Amino acid sequence: CALSWSIALLAAHPEKQARVAEEARSASGQSLDSKMAQMPYTQAVFNETLRLYPPAWLITRKAIDTDCIDGHDIPAGALVITSPALLHRHPDVWRNPNDFNPERFLDSYPRESFVPFGAGLRQCIGKDFAYVEGVIMLASLCERLEFVFPDGQGLPASEPLVTIRPVGGVKVRTTRRA
């Protein structure tokens, strides 16, 4: 879903899409490590997509023992639910939290409040692979294709299921870049 959301967000922001395409062209032909190092804006776009539409919008854990979190007693065996989606859009943490603003990831950002793959010992084991794959695919697609919404369409509504899915999918028209 992250790649679909990235394409939808870039279709809604053509100037940002053009910047990703240019950056991808500049890094073309490089080794994977070099390519990733030369694409900070594409990474920022992917991070911003993960902030707005994290792969796991809810994370659940079962309390092994009694505990207290922020003054709330947690009994042993209780189900504790946290939401990266809510954290990623919290106005006390993120300025204009509902806006698509990849530039926020080019500067210092609150890393403890950006957990698209979870955190700590139980974070997603495939996060590094998924991240690199997502950035490289996004760059490769934007280097070759331009994405625009068909007339009258725009960013789809979101539906939180296992992942946050675009209702009806992402429908874009593509043209080959010159």
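Refer to the preceding data block for the structure.
Scoring rules and cut-offs
Residues numbered from 1 in each chain as written. Predicted model: local features only at pLDDT ≥ 70, side-chain atom pairs only at ≥ 80, totals over all residues. Heavy atoms only, no water. Salt bridge = Lys/Arg side-chain N within 4 Å of Asp/Glu carboxyl O. Helix = DSSP H or I, 4+ residues; strand = E, 2+ residues; numbered from the N terminus. Buried < 20%, exposed > 50% of the residue type's maximum accessible area, 1.4 Å probe, protein only. Polar contact = N/O pair within 3.5 Å; in protein donor to acceptor, adjacent residues only side chain to side chain. Contact = heavy atoms within 4.5 Å. Phe/Tyr/Trp six-rings, centres within 6.5 Å; stacked < 30°, edge-to-face > 60°.

Colleague: It is not clear to me how the pattern of salt bridges should be interpreted in this structure. Could you clarify?
Modeller: Close approach of charged atoms allows side chains of opposite charge to pair. Evaluated as defined, the whole model comprises six salt bridges. The partner of lysine 16 in a salt bridge is glutamate 103, and the shortest N-O contact between them spans 3.3 Å. Taken together, the residues lysine 16 in helix α2 (residues 14-27) and glutamate 103 in the loop between α5 (84-87) and α6 (127-144) connect sequence positions 87 residues apart. We classify glutamate 103 as partly exposed; its relative accessible area is 25%. When the shortest N-O distance is used, the salt bridge between arginine 51 and glutamate 48 registers 2.8 Å. Pair noted here: arginine 51 and glutamate 48 are both in helix α4 (residues 40-52), with a separation of three residues, about one helical turn. Residue arginine 51 is classed as buried on the basis of its relative accessible area of 0%. In this structure glutamate 48 comes out as buried when scored by relative accessible area, which is 0%. Members of the salt-bridge network, linked through shared partners, are Lys16, Arg19 and Glu103.

Colleague: For this particular structure, what's the right way to read the side chain of serine 83?
Modeller: Following the sequence through the fold, serine 83 ends up in the loop between β4 (79-82) and α5. Here serine 83 falls in the buried class, since its relative accessible area comes to 12%. There is a polar contact of 2.9 Å between the side chain of serine 83 and the backbone oxygen of tryptophan 57. Ignoring anything within four residues of it in the chain, the contact list for serine 83 reads Trp57 and Leu58.

Colleague: Please explain the packing of aromatic side chains as it appears in this structure.
Modeller: Centre-to-centre distance and the angle between the planes together describe a pair of aromatic rings. With the rule as written, the count across this model stands at six aromatic pairs. For the pair tryptophan 5 and tyrosine 53, a centre-to-centre distance of 3.7 Å together with 0° between the ring planes defines the contact as stacked. Of the two residues, tryptophan 5 is situated in helix α1 (residues 2-12) and tyrosine 53 in the loop between α4 and β1 (59-62); the sequence distance between them amounts to 48 residues. Here the two residues tryptophan 5 and tyrosine 53 agree in accessibility, since each one is buried. With centroids separated by 5.8 Å and ring planes inclined at 35°, the aromatic side chains of tryptophan 94 and phenylalanine 105 adopt a geometry described as tilted. Of the two residues, tryptophan 94 sits in the loop between α5 and α6 while phenylalanine 105 sits in the loop between α5 and α6, which places them eleven residues apart along the sequence.

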